[in-house]
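Structural overview for review
Read off the chains here:
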Amino acid sequence: MDKNARWRFTITMTIILCLIVVTSYFSLISGTFDMTVKAVLQTLFRVNPVSDFDLVIFEFRLPRIVISGLVGVSLGIAGTVIQGVTKNGLADSGILGINAGAGTAIVIFMFFYQGQNSGSDWISIMSFPLFGLVGGLLAALLIFLFSWKNGTLDMSRLLLTGIAIGSAFGALSLYLSLKMNSTDFEMATVWLSGTIYDANWKYIASMLPWMIVLIPIIKKKAYLLDLYQLEESSVKSLGISVEKETIILLLCSIGLVGASVSVSGNIGFVGLMAPHIAKHLVGIHHNQVIPVSGAIGALLVIVSDFIAKTVFAPAELPVGIVISIIGVPYFLYLLIKAKA
């Protein structure tokens, strides 16, 4: 990495992290229960703490901001991996149906756990990522099975197959949710639209182990994503087991998606937008793209959640809808650009 690239990476990360801090600050002080800057700082640094302020910040707002950041990081990094492996700039876990597969598996868990599912007990919270991983793997397997042609992945089929598989899983999720009792149906419906309204520290605890294990593996193998842009025969000539490494990278990305979907529902387009913006800012080397994409993903979700809970107050939109409002035009722009 040359000196200019290092400086560009450092400056870019610094700016994005500053924006995350600023947005998080406004998210902390804004809401139906407004707080002054002084009250927030006193509560955070434990200076004359007030129980009401503790409740608002530590039980409602701060977990929500942290979850938004973790989900954004996971989806941004997963999207970078999926685009690198498939060599398709339009690939994203949401568009390819992996999110829908993970979501359907979790809805199946909700369906069989009806009446006992509060959404906040440890059994549910720790089981959701595992079910999400299984559902995401099943969706990915079906997508790659139908997109495989003459021993290679047909990129022209990949997007259409992903959309079809995602729609099928979405229909199955809807069918199962309609069979639930009213309480679980409401919970499943809101969750499927993509929301972090009910964020708590237990959700954070369920996500962190997956991120701590999987993100370092992806970062260590970032150089492979650079090599994947070459012809497969050229990569194999370097002594790299393409199939093995591809499976490892996909498993890691699907694991991150499953963990994210388990706490936030089906939030799409983050994994599509973040890698493109990151590459525009720091270039195409994945050693830099991966952390920048994760930071951009975090910023996107935190900003979207802030918009969702403030712009339409006292009503609140699911964060997934806000991101889709941004993501759909961006996807169409990329689609038109790809055809040009």
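No experiment lies behind these values; they were computed from the predicted model shown.

This paragraph deals with the UniProt feature "transmembrane region" (unreviewed entry) in the protein chain. Under the feature "transmembrane region" (unreviewed entry), the UniProt entry names residues 7–28, 62–82, 94–113, 125–146, 158–178, 246–269, 289–308 and 315–336. For residues 289–308, the end-to-end C-alpha separation is 28 Å, with 100% helix and 0% strand making up the annotated structure.

Another aspect to go through is the pattern of salt bridges. Overall, the coordinates contain five salt bridges when judged by the stated rule. Notably, a salt bridge pairs Arg-64 with Asp-305, separated by 2.9 Å at the nearest N-O pair. With Arg-64 in helix H3 (residues 51–86) and Asp-305 in helix H13 (residues 286–310), the pair connects residues that are 241 residues apart, well separated along the chain. On the basis of relative accessible area, Arg-64 is assigned to the buried category, the value being 9%. You can call Asp-305 buried: its relative accessible area is 2%. Arg-64 is the partner of Glu-316 in a salt bridge, and the nearest nitrogen-oxygen pair spans 2.3 Å. With Glu-316 in the loop between H13 and helix H14 (319–339) and Arg-64 in helix H3, this residue pair connects regions lying 252 residues apart in the sequence. A single network of salt bridges, built from pairs that share partners, joins Arg-64, Asp-305 and Glu-316.

Judged by nonpolar contacts, the single largest core of 88 residues is most densely connected at Ile-67, Leu-256 and Ile-323. With residues near it in sequence (within four places) discarded, Leu-256 still touches Ser-74, Ile-77, Ala-78, Trp-210, Met-211, Leu-214, Ile-215 and Ile-218. Counting nine residues, the second-largest nonpolar core is a separate cluster that includes Ala-39, Val-56, Ile-57 and Ile-65.

Parameters and conventions
Residues numbered from 1 in each chain as written. Predicted model: local features only at pLDDT ≥ 70, side-chain atom pairs only at ≥ 80, totals over all residues. Heavy atoms only, no water. UniProt positions renumbered as here; feature names shortened; annotations may be inferred. Helix = DSSP H or I, 4+ residues; strand = E, 2+ residues; numbered from the N terminus. Salt bridge = Lys/Arg side-chain N within 4 Å of Asp/Glu carboxyl O. Buried < 20%, exposed > 50% of the residue type's maximum accessible area, 1.4 Å probe, protein only. Core = buried A, V, L, I, M, F, W, Y, C linked by side-chain atoms within 4.5 Å. Contact = heavy atoms within 4.5 Å.

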